[in-house]
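Per-entry structural report
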Amino acid sequence: MSPGPAASVFELIGNTPMVELRHVTRDLAPGVRVLAKAEWTNPGGSVKDRAARQILLEAERSGALRPGQTILDSTSGNTGIALAMLGAARGYPVALVMPKNVSEERKMLIDAFGASIVYTDPIDGSDGALLEARRRVEAEPSRWFYADQYNNPANPRAHQLTTGPEIWEQTGGEITHFVVGLGTSGTFVGVTRALKGLSPRVVCVSMEPATPVHGLEGLKHMETAIRPGIYDDRLADRRITVETEEAYEMARRLPSEEGILVGYSGAANVCAALAIAREMTSGLVVTVFPDHGTRYLSGWLAGK
Ligand SMILES: Cc1ncc(COP(=O)(O)O)c(C=O)c1O
C-alpha cells in the first residue's frame, strides 16, 4: 500500500483543543464557565506558530520572501521557535534577535531547529531586541526577510482566520467574553475582529502587566513599551491588568489543582479571566494558554 499524502508541520498548526477550568473556578456563580485554548498543542509548542505560518505564507505569495534570503525577527522566544521550525521545513536560514535572559529551554529549542541567535541586553527588554533587528535590516535590506511580527498584519490575520473562528465553533457560538494578554497584540486583535464580526455582543477584554517592569514573558506594558503597529486600542471593550506575583501563584496552582502546566502568560490570562468571571452571574469566558509550562521549568526550579 502506498502511503497517503503526508502533512508538513505547516498543516499541523491550529485546530487546538479547548480545556475547561473546573477547580480554580470554585468561587464563581454556577452559570459561569471558563475555558482556555491549549495552544501548546501546536507543533512548535505555542500560539506563535499561527502568526509565523501566516507571515511566511503571505510573504512567499507576495514575493517578499525569496530563496536565498535569511528570515530575521526579534522575539522573546516563541516566535523564534516557530520561525526556526517553519524556516527549517521550507529550507530558509533563520536569525533571531532576543534578550539574553529568555528561558534556557527556548534558546535550546531554537538551536535544535538550526537557527542562529543574536543576544541583546536584558535591561533593554523586548524593545532592545526589536531595535537591534531594525538596525540589521537597515544595514543590509536585501539579505533579510524581516518577519516584523510587531507590525506585520499577517500576525493578527492568522488569529482572525483561525483562532477566532475555532473559538466560535468550539463554544457553539455561546462565548460571552474573550480575555487575553497583549504581547505583539496579534492574538487579541485578530480574535477580537473575528468574534465581533460573528457577534458584536461578545465582550473582548485585553490584559497587560500591571507594571512596566514585570516577569510575564511574552506580554507588554503598552503605555511604556514601543507600541506595535498592529495594535488597535479601540478594539477592547475593557482593559485590565495583572500583577506578576498573582500570575506566578496561579502558574503554581494550575498544575496541582487542574492538572494543567502552562507558562506565566497563560497563568496571567487565567487571573484576568477569573477577575471578569467573578463579576458575572452567567456566561462563558474564553482565554488562551499561549504555551506550556515545560518551557519555564528552569526558572521554576530556581524559584524565580
Ligand atoms: C508566552 C507568550 N504569551 C503571550 C504572548 C502574546 O501573544 P501576542 O503576541 O499574540 O499578543 C506571546 C507572544 O509573543 C508569548 O510568547
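Source: prediction; values computed, not measured. (Residues numbered from 1 in each chain as written. Predicted model: local features only at pLDDT ≥ 70, side-chain atom pairs only at ≥ 80, totals over all residues. Heavy atoms only, no water.)

Observations regarding the sheet that holds strand E2 (residues 31-38)
Spatial ordering of the open sheet is given by E1-E2-E10-E7-E8-E9, a layout of six strands whose pairing is mixed. For this open sheet the edge positions go to strand E1 (18-20) and strand E9 (238-242), each flanked by a neighbour on one side alone. If you compare each strand with its neighbour and ignore which way they point, the axes differ by 25° on average. Across three bridges, the pairing between E1 and E2 is antiparallel. Pairing of Met18 across the sheet is with Lys37, part of E2. The sheet strands contacting helix H8 (residues 264-277) are E2, strand E7 (177-181), strand E8 (203-209), E9 and strand E10 (282-289), and the helix crosses E10 at an angle near 170°. (Pairing = 2+ DSSP bridges. Helix = DSSP H or I, 4+ residues; strand = E, 2+ residues; numbered from the N terminus. Axes fitted to C-alpha atoms, helices over the stretch in contact; angles between N-to-C directions. Contact = heavy atoms within 4.5 Å.)

Details of the site of the ligand
The full set close to the ligand counts 16 residues, and Lys48, Gly183, Thr184, Thr187 and Ser265 are the nearest of them. Side-chain polar atom of Asn78 to an oxygen atom of the ligand: 3.0 Å apart, as the coordinates give it. Here an oxygen atom of the ligand and a side-chain polar atom of Thr184 are 2.6 Å apart. Relative to its unbound accessible area of 390 Å², the ligand is 96% covered by the protein chains. The class makeup of the residues in the shell around the ligand is four nonpolar, eight polar and four charged. Looking at the shell around the ligand, you find at least three residues from each of domain 1 (9-41 + 161-301) and domain 2 (48-146). (Near = heavy atom within 4 Å. Polar contact = N/O pair within 3.5 Å; in protein donor to acceptor, adjacent residues only side chain to side chain. Areas by Shrake-Rupley, 256 points an atom, 1.4 Å probe, with all protein chains shown as cover. Nonpolar A, V, L, I, M, F, W, Y, C, P; charged D, E, K, R; others polar. Domains from an automatic or database assignment.)

Some thoughts on the side chain of Thr120
Of note, Thr120 is situated in strand E5 (residues 116-120). On the basis of relative accessibility, which here comes to 11%, the residue Thr120 falls in the buried class. Ignoring any residue separated from it by four or fewer positions in sequence, one finds Thr120 in contact with Val97, Met98, Pro99, Lys100, Gly128, Ala129 and Glu132. (Buried < 20%, exposed > 50% of the residue type's maximum accessible area, 1.4 Å probe, protein only.)

Quick notes on the packing of aromatic side chains
For the structure on display, the rule yields three aromatic pairs. With a centroid separation of 4.1 Å and an interplanar angle of 20°, the aromatic rings of Tyr248 and Tyr264 are classed as stacked. Taken together, the residues Tyr248 in helix H7 (residues 244-258) and Tyr264 in helix H8 connect sequence positions 16 residues apart. The pair Tyr248 / Tyr264 is uniform in exposure class, with both members buried. An aromatic cluster is built from Tyr248, Tyr264 and Tyr296, whose rings are joined through pairwise contacts. Taking NZ or CZ as reference, Arg90 lies 4.1 Å from the ring centre of Phe10, over its face. (Phe/Tyr/Trp six-rings, centres within 6.5 Å; stacked < 30°, edge-to-face > 60°. Lys NZ or Arg CZ within 6 Å of the ring centre and 35° of its normal.)

Section: the domain arrangement of the chain
Partitioning the chain into domains gives domain 1 (9-41 + 161-301) and domain 2 (48-146). The distance between the C-alpha centroids of domain 1 and domain 2 comes to 24 Å. Domain 1 puts 24 residues into the contact, and the matching count from domain 2 is 23 residues. Taken together, the two surfaces of domain 1 and domain 2 that pack against each other cover about 1,900 Å², and 51% of this comes from carbon and sulfur. Of all residues in domain 1, the largest losses of buried area upon contact with domain 2 belong to Phe10, Ile13 and Arg295, amounting jointly to 42% of the total for that side. Here domain 1 is connected to domain 2 by five salt bridges. One salt bridge connects Arg50 with Glu166, and the closest N-O pair in it is separated by 3.0 Å. For the pair domain 1 and domain 2, the interface holds 17 residue pairs in polar contact (both at pLDDT 80 or more). (Buried area = accessible area lost by both parts, 1.4 Å probe. Salt bridge = Lys/Arg side-chain N within 4 Å of Asp/Glu carboxyl O.)

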